[in-house]
Amino acid sequence: PDLSTLTAMFSACAVHGTAGLPYANEIFRQLEMDMASARKQLHAMAVADDAVVSVAQGNPNLQGELLAAYSSYMKVLVESGDPAGAERVVGLAKRSGLTPDIVMMTSLMKAHIKVGDTRGAWREWILMPRRGVEPDAVAYATVINMCAAKGELERVFSLWDQMHQMKVEPTPHLYNTIIRE
């Protein structure tokens, strides 16, 4: 299947959460193997990752579709609570010459939050601008909701102020979080 089909398949797996993870892993494995076979026969996952990177570099058409496929796979990993898998996908995207987008980075934070790793989520929040990704309203809502759930009200209001300084328009859901706190 082409990358557009694979993207749709990843999205379908995401709907099923944890139950869809084995299927998404197989689709992703097949994607890596298909891309790798364009260069040579591969026998190990590390070699497959290198092949995906080399195929993606210098091919802008493939890069856009690959970023969409990676983002869809990230959604599956978030639903399954697999931050290590999500970090692997971000790393693979970067090695492919892609700049992880806001969807991928927010998904990575959500994967950490889902398993209770708020330190990991905060680390990704801090690294986001350093990676060239400017937080949007959804990213702010994700980190603010995490801090509110932990009772870190000073941090909530600091993030709220920062969001306004960056001229990011809050979502209605975020207004509700602030009002509740």
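Our structure's up above, just so we're on the same page.
Bear in mind that the values here come from a model prediction, so they are computed numbers and not experimental data. (Residues numbered from 1 in each chain as written. Predicted model: local features only at pLDDT ≥ 70, side-chain atom pairs only at ≥ 80, totals over all residues. Heavy atoms only, no water.)

**Here we look at the overall build of the chain**
Under the convention used in this document: Each helix is a run of DSSP H or I of at least 4 residues and each strand a run of E of at least 2, with the numbering of both proceeding from the N terminus. A contact between two residues is defined here by any heavy atoms of the two lying within 4.5 Å. Accessibility throughout is a Shrake-Rupley quantity obtained with a 1.4 Å probe, and a residue counts as covered only by protein chains that appear here.
Helix and strand content of the chain: 10 helices and zero strands. When the helices and strands of the chain are placed in sequence order, the string is α-α-α-α-α-α-α-α-α-α. Sequence-distant contacts in the chain: of pairs separated by 6 or more residues, those separated by 24 or more amount to 59%. Approximately 9,100 Å² of the chain is accessible, and the part contributed by carbon and sulfur atoms is 55%.

**Description of the nonpolar core**
Here is the rule we go by: Grouping buried Ala, Val, Leu, Ile, Met, Phe, Trp, Tyr and Cys residues that are joined through side-chain atoms within 4.5 Å yields what is termed a nonpolar core. For every residue, the accessible area obtained with a 1.4 Å probe (protein chains only) is divided by the maximum for its type, and the residue is called buried under 20%, exposed over 50%, and partly exposed between those limits.
Tyr70, Met74, Val89, Met104, Trp125, Met128 and Ile144 are the most contacted members of the largest nonpolar core, which has 38 residues in total. Of all the secondary structure elements, the ones that give two or more residues to this core are helix H4 (60–79), helix H5 (83–95), helix H6 (102–114), helix H7 (118–130), helix H8 (137–149) and helix H9 (153–165). No other element matches the nine residues that H8 contributes to this core. Once residues within four sequence positions are removed from consideration, Trp125 is found in contact with Met109, Pro135, Ala139, Tyr140, Val143, Leu159 and Gln162.

**Some remarks on the packing of aromatic side chains**
Counted only if it meets this: What counts as a ring pair is set by centres within 6.5 Å for rings of Phe, Tyr and Trp (its six-membered ring), and what kind of pair is set by the plane angle: stacked under 30 degrees, edge-to-face over 60, tilted for all other angles.
Taken as a whole and assessed by the stated rule, the structure comprises one aromatic pair. Ring centres of Trp125 and Tyr140 lie 4.9 Å apart, and the angle between their planes is 70°; on these two criteria the pair is classed as edge-to-face. One end of the pair, Trp125, is in helix H7; the other, Tyr140, is in helix H8, and 15 residues separate them in sequence. The residues Trp125 and Tyr140 share a single accessibility class, namely buried.

**A look at the pattern of salt bridges**
Note the following rule: The working definition used for a salt bridge is a side-chain nitrogen of Lys or Arg within 4 Å of a carboxyl oxygen of Asp or Glu.
In total, this model carries five salt bridges according to the counting rule given. Here Glu124 and Arg123 are joined by a salt bridge, their closest N and O atoms 3.2 Å apart. The closest approach of N and O atoms between Glu152 and Lys150, which form a salt bridge, is 3.1 Å. Ionic contacts of the salt-bridge type, sharing partners, join the residues Glu87, Arg123, Glu124 and Arg131 into one network.

**Here's the deal with unusual backbone geometry**
Its identity as a non-glycine residue notwithstanding, Lys167 has a phi of 60°, on the positive side. Tracing the backbone through its elements, the reader meets Lys167 in the loop between H9 and helix H10 (172–180). Residue Lys167 is classed as exposed on the basis of its relative accessible area, which comes to 75%.

**Considerations on the environment of Met105**
The topology assignment puts Met105 in helix H6. Given a relative accessible area of 0%, Met105 falls into the buried group. Contact partners of Met105, with chain neighbours within four places excluded, come to Val90, Pro100, Glu124, Met128, Arg131 and Val133.

**Let's talk about the packing of H6 against H7**
Under the convention used in this document: Note on geometry: axes are lines fitted to C-alpha atoms, helical ones only across the stretch in contact, with angles between N-to-C directions running from 0 to 180 degrees. Orientation labels follow simple angle bins: below 35 degrees gives roughly parallel, above 145 gives roughly antiparallel, 65 to 115 gives roughly perpendicular, and whatever is left gives oblique.
H7 packs onto H6 with a crossing angle of 160° between their chain directions and a minimal axis gap of 7 Å. Looking at the two axes, H6 sits roughly antiparallel to H7. When H6 is examined against H7, the residues Ile102, Met105, Thr106, Leu108, Met109, His112 and Ile113 are found in contact with a partner set consisting of Gly120, Ala121, Arg123, Glu124, Trp125 and Met128.

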